[in-house]
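# Working through the structure, step by step
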Amino acid sequence: MSDPYCWGIFREEAHSPGRESDDAEILRLTAKGLLAKGLQVDLKTPDELGIVADASPRGIFLMCEQPGALRALGALESAGAREVNSPRAVLNTYRDRMIAQFADARVPFIESRLVATRDEQVAAPRPVWVKRADVHNTQEGDVVYAADAAEVARALEGLAARAIPRAVIQPHVDGDLIKFYGIGPGGGAHGAPPWFRWFYHKDQQLRGHVFDERALARLVREAAAALGLEIYGGDCIVTASGGLVLIDVNAWPSFALFREEAASVIAAYLSMRFGEDPR
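Throughout what follows, the structure given in this document is the object of discussion. (Residues numbered from 1 in each chain as written. Predicted model: local features only at pLDDT ≥ 70, side-chain atom pairs only at ≥ 80, totals over all residues. Heavy atoms only, no water.)

Looking now at the overall build of the chain. If you tally the helices and strands in the chain, you get seven helices and 12 strands. A globule of 279 residues ought to have a C-alpha radius of gyration of about 19 Å, and the chain, at 19 Å, matches this closely. In terms of its C-alpha atoms, the chain occupies a principal-axis envelope of roughly 65 × 40 × 35 Å. Burial statistics for the chain: of 279 residues in total, 49% are counted as buried. (Helix = DSSP H or I, 4+ residues; strand = E, 2+ residues; numbered from the N terminus. Rg over C-alpha atoms; globule rule 2.2 N^0.38 Å. Buried < 20%, exposed > 50% of the residue type's maximum accessible area, 1.4 Å probe, protein only.)

Turning our attention to the environment of leucine 270. Note on placement: leucine 270 falls in helix α7 (residues 259-274). With 248 residues separating them in the primary sequence, leucine 270 and aspartate 22 have C-alpha atoms 20 Å apart.

On to unusual backbone geometry. Omega for the bond connecting valine 84 with asparagine 85 falls within 30 degrees of zero, at -10°, which places this linkage in the cis form. Residue position: asparagine 85 is located in the loop between β4 (82-84) and α3 (87-92). In this model, aspartate 119 sits at a positive phi of 60°, which is unusual for a non-glycine residue. Mapped onto the elements of the fold, aspartate 119 is located in the loop between β5 (113-116) and β6 (128-132). The phi angle at alanine 163 is positive, at roughly 65°, despite the residue not being glycine. Here alanine 163 is to be found in the loop between α5 (149-161) and β8 (166-171).

Bringing the sheet that holds β6 into the picture now. Spatially, the four strands line up as an open sheet ordered β5-β8-β6-β7, and their pairing is antiparallel. Only two strands of the sheet have a single neighbouring strand rather than two, namely β5 and β7 (143-146). Looking at each pair of strands side by side, their axes are set apart by 30° on average, direction ignored. Sitting on the sheet, α5 touches β5, β6, β7 and β8, and the angle it makes with β6 is about 5°. (Pairing = 2+ DSSP bridges. Axes fitted to C-alpha atoms, helices over the stretch in contact; angles between N-to-C directions. Contact = heavy atoms within 4.5 Å.)

What follows covers the pattern of salt bridges. Following the criterion strictly, the structure yields 13 salt bridges and no others. Of the charged contacts, one joins arginine 126 and glutamate 111 as a salt bridge, the two residues approaching to 3.8 Å between their closest N and O atoms. Taken together, the residues span a long stretch of sequence, with arginine 126 in the loop between β5 and β6 and glutamate 111 in the loop between α4 (95-105) and β5 at a distance of 15 residues. For arginine 126, a relative accessible area of 43% translates into the label partly exposed. By relative accessible area, which is 57% here, glutamate 111 ends up exposed. Via salt bridges that share partners, Arg132, Asp134, Asp142 and Arg162 belong to a single interconnected network. (Salt bridge = Lys/Arg side-chain N within 4 Å of Asp/Glu carboxyl O.)

The next point concerns α7. For α7, which comprises 16 residues, the first-to-last C-alpha distance of 21 Å matches the rise-based estimate of 22 Å (1.5 Å per residue) to within 8%. Those residues of α7 that fall on the buried side of the exposure criterion are Arg259, Ala262, Ala263, Ile266, Ala267, Tyr269, Leu270, Ser271 and Phe274. Trailing α7 by a residue or two, glycine 275 shows a phi angle of about 145°, which is positive. (Expected span 1.5 Å × (residues − 1).)

Strand order across the open sheet formed by four strands is β10-β9-β11-β12, with antiparallel pairing between neighbours. Looking at strand neighbours, the two that pair on one side only are β10 (195-200) and β12 (244-251), the edges of this open sheet. Mean inter-strand twist for the sheet, computed between neighbouring axes without regard to direction, equals 20°. Pairing geometry for strand β9 (residues 176-183) and β10, over six bridges, is antiparallel. Bridge pairing links phenylalanine 180 to tryptophan 198 in β10. On top of the sheet, helix α6 (residues 213-227) reaches β9, β10, β11 (231-238) and β12; it is set at about 45° to β12, its chief contact.

What follows is the structure in structure tokens.
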């Protein structure tokens, strides 16, 4: 095959609650950009990874998150495929791993406590969030606001009933909720990621707290580097004092509001990662 050949792997539908079309669209737009650069692209679901034999794609760009799919992709990576994000980096976004990675890299992150969902009493003198400790939000009950210990107990019981063994407890922080997106490792201007955008999350009473946008960009880059991510997004709270509280980082978001621009940047980045642009 004369032209570079690559795969794109969709996210599991269960991991895109309410955003199935958004997540699929950024992958399709990226594939379109790669095709325009002369790369051959096959788009696949995670389920199709287990039935592909003797495949040798040059590169793989992936949104899937389940361990089984990531193991299959890890084997292809070990065989020489270039993968973005790497399966290990995606696994690092599981909350229990992310907490440890950030602690090792000294990346400031919201106070987080790992607890068992069964047989553990959790004090809650102030409102907290109860989150499953592995993958991000897949359905109702995965992320729950709890105003007191009784509500924490009910949230943990709900997770335990679904055979989810551990949860993360994080304090509720008042402030403006920001979503951010980044593409590429390393530092751009003023320590920012090479491509970086942020916006206020909808459905909130915005206070308009002033903050240092460069500090946000540097924090995001450091967090992505600690996890090994090349394409990423997440959430941060801006407090009344202008402080920044990082509360979540995830692999390859849907890039809402910036999808066309992001897809073009991702395609250019992947064409570089997977081989020289043939044009």
